[in-house]
Amino acid sequence: MRVRTLAAVLLTGALALTACGKEGAPADQGAAPAGLFEVAKDVTVAGSPTFDKAKSRGSLIIGVKEDQPGLGYKDPTTNKYSGFDIDIAKLISAKLGFDPEKIQYKTVQSAAREQALINGDVDYYVGTYTINAGRKEKVAFAGPYFVAGQDLLVKKDNADITSKDTLKGKKVCSVTGSTPAKRIKDEKLTEEGNVLEFQGYSQCVTKLLNGEVDAVTTDDAILKGYAAAEEGKLKVVGKPFSSEPYGIGLPKDDKALRDKVNDILQASLDDGTWQKIYDGTLGKSGSSAEKPKIDRY
Ligand code: GLU
């Protein structure tokens, strides 16, 4: 039953996010025009063990999310991935000289990201991954390529949750290993027993729709995707209370690849590619279009 509900949520979302989606049309999370992903020739990234490994493998393994409409979403019928994060992942892949067919997407949930990069299970990771000091001890980040903020998702008719300071006594759902789950606990925004954690946000959304929790908390960009997916049923409170700069997760010591990915992101911001990717994906669910500033730490 829960699986059916989730599938319905995501399918509806896919249709809602497609500007011209007809009923019964294949689910499409939106995508940038295909020409944006022209594959670069004869690319080398001197001194990057990750790039060398991918080259000899002949494909890139990219860690992503699969249940975040508009960002990283896997269509349950076609198994195709789409969204802003996916297009950013594709852009990087193309500029590294890999054809989109040579990408192997691997779904990695929030709590497992650092270890996936440390193990070399993925070459890089693109999935609403906030850059912060704690994570930088284990992995490296290129970017940011977007800046979100923590917010709250509630039922449309909810009148008593209006900010982070109105959560006492309320059941709040988030994801294990995420910055929003940590913040809600660190700042004691609700009682410890009222915080529920799952592996993915779609599980929280199902609980919210069922009335088992009062709010879901994570980045506004993610929540807007769910609100668009469940048109008329859910709303984002709209008072973000953190800054979540999204980075491309990379193996910690691969500075050569980090520099290369930063160059790719900077060029996409300068030549309009980033804007086109944004317009084709996140822009449709109403997220801020403010361009990020690359941090070459
Ligand atoms: N951006 C936050 C984080 O990296 C929340 C979203 C997520 O869990 O991916 O923890």
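Residues numbered from 1 in each chain as written. Predicted model: local features only at pLDDT ≥ 70, side-chain atom pairs only at ≥ 80, totals over all residues. Heavy atoms only, no water.

**Section: the packing of aromatic side chains**
Working step 1: Summed over the entire model, instances satisfying the criterion amount to eleven aromatic pairs.
Working step 2: Look at Tyr81 and Tyr105: their rings are 4.9 Å apart centre to centre, the planes differ by 45°, and that puts the pair in the tilted class. With Tyr81 in strand E4 (residues 81-82) and Tyr105 in strand E5 (residues 103-107), this pair connects stretches of sequence that are 24 residues apart.
Working step 3: Given the relative accessible area of 15%, Tyr81 is considered buried.
Working step 4: The partly exposed category is assigned to Tyr105, whose relative accessible area is 22%.
Working step 5: Taking 5.6 Å as the distance between ring centres and 5° as the angle between the ring planes, the aromatic pair formed by Trp274 and Tyr278 counts as stacked. (Phe/Tyr/Trp six-rings, centres within 6.5 Å; stacked < 30°, edge-to-face > 60°. Helix = DSSP H or I, 4+ residues; strand = E, 2+ residues; numbered from the N terminus. Buried < 20%, exposed > 50% of the residue type's maximum accessible area, 1.4 Å probe, protein only.)

**A few points about the site of the ligand**
Working step 1: Residues in contact with the ligand amount to 17 residues; listed here are only the nearest, Ser110, Thr128, Thr130, Tyr201 and Asp219.
Working step 2: The separation between an oxygen atom of the ligand and a polar side-chain atom of Ser110 is 2.6 Å.
Working step 3: The protein chains hide 100% of the 280 Å² of surface that the ligand would expose on its own.
Working step 4: If you map the ligand onto the pockets, it falls in the largest cavity.
Working step 5: Elements represented by at least two residues in the shell around the ligand include exactly helix H6 (179-186), strand E11 (215-219) and strand E13 (244-251).
Working step 6: Of the residues in the shell around the ligand, the class split is five nonpolar, seven polar and five charged. (Near = heavy atom within 4 Å. Polar contact = N/O pair within 3.5 Å; in protein donor to acceptor, adjacent residues only side chain to side chain. Areas by Shrake-Rupley, 256 points an atom, 1.4 Å probe, with all protein chains shown as cover. 1 Å grid on protein atoms, 1.4 Å probe; cavity = no way out; pocket = protein on both sides within 12 Å on 5 of 7 lines; lining within 4 Å. Sits in = over half its atoms within 2 Å of the grid points. Nonpolar A, V, L, I, M, F, W, Y, C, P; charged D, E, K, R; others polar.)

**Quick notes on the pairing of strand E1 (residues 60-64)**
Working step 1: The buried fraction of E1 is high, at five of five residues.
Working step 2: Here E1 shows no split at all, with Leu60, Ile62 and Val64 on one side and Ile61 and Gly63 on the other all buried.
Working step 3: The pairing of E1 with strand E6 (residues 124-125) spans two bridges and is parallel. Bridge pairing in E6 places Ile62 opposite Tyr124. (Pairing = 2+ DSSP bridges.)

**Brief notes about the packing of helix H3 (residues 84-95) against helix H10 (residues 273-280)**
Working step 1: Where H3 meets H10, the closest approach of the two axes is 9 Å, and the angle between their N-to-C directions is 150°. Taken together, H3 and H10 sit at an angle that is classed as roughly antiparallel. Like other packed secondary-structure pairs, H3 and H10 cross with a definite hand, here right-handed. Of the residues in H10, those in contact with Phe84, Asp87, Ile88 and Leu91 of H3 are Thr273, Trp274, Ile277 and Tyr278.
Working step 2: Looking at the contact of H3 with H10 residue by residue, the classes come out as six nonpolar, one polar and one charged. (Axes fitted to C-alpha atoms, helices over the stretch in contact; angles between N-to-C directions. Parallel < 35°, antiparallel > 145°, perpendicular 65-115°, else oblique. Left-handed = near helix turned anticlockwise from the far one by under 90°. Contact = heavy atoms within 4.5 Å.)

**So, the nonpolar core**
Working step 1: Phe84, Ile88, Leu96, Tyr124, Phe146, Leu153 and Ile248 are the most contacted members of the largest nonpolar core, which has 60 residues in total.
Working step 2: Here this core takes seven residues from H3, the largest share from any one element.
Working step 3: Excluding residues that lie within four positions of it along the chain, Tyr124 makes contacts with Leu60, Ile61, Ile62, Gly63, Ala89, Ile92, Ser93, Leu96, Leu117, Ile248, Gly249 and Leu250. (Core = buried A, V, L, I, M, F, W, Y, C linked by side-chain atoms within 4.5 Å.)

**Looking at empty space enclosed by the protein**
Working step 1: Following the criterion strictly, the structure yields two cavities of 30 Å³ or more and no others.
Working step 2: The space that makes up the largest cavity amounts to roughly 70 Å³.
Working step 3: Looking at the largest cavity, it is lined by 14 residues, and the ones nearest its centre are Arg113, Thr128, Pro180, Tyr201 and Asp219.
Working step 4: Listing elements by their share of the lining of the largest cavity, those giving two or more residues are H6 and E11.
Working step 5: Partitioning the lining of the largest cavity into residue classes produces three nonpolar, six polar and five charged.
Working step 6: Considering only enclosed or pocket space, the second largest cavity measures out at about 30 Å³ in volume.
Working step 7: Along its surface, the second largest cavity is lined by Thr50, Phe51, Ala54, Leu60, Leu96, Asp123, Tyr124 and Leu257.
Working step 8: Take the lining of the second largest cavity: its biggest share by element is three residues, from helix H2 (residues 49-57). (Points joined across faces, edges and corners; volume = space filled by probe spheres on them.)

**Thoughts on the sheet that holds strand E2 (residues 67-68)**
Working step 1: What the three strands build is an open sheet, ordered E2-E3-E4; its pairing is antiparallel. Single-partner strands in this sheet number two, and they are E2 and E4.
Working step 2: Strand direction decides the pairing type here: E2 and strand E3 (residues 72-74), joined by two bridges, are antiparallel. Following the sheet pairing, Gln68 is matched in E3 by Gly72.

**Regarding unusual backbone geometry**
Working step 1: Note the cis peptide between Gly143 and Pro144, where omega equals 5°.
Working step 2: Along the chain, Pro144 falls in strand E7 (residues 139-148).
Working step 3: The backbone phi angle of Asn79 is positive, close to 65°, even though this residue is not glycine.
Working step 4: Take Asn79: it is sitting in the loop between E3 and E4.
Working step 5: For Asn79, a relative accessible area of 47% gives the class partly exposed.

Taken by themselves, the reported measurements are silent on function.
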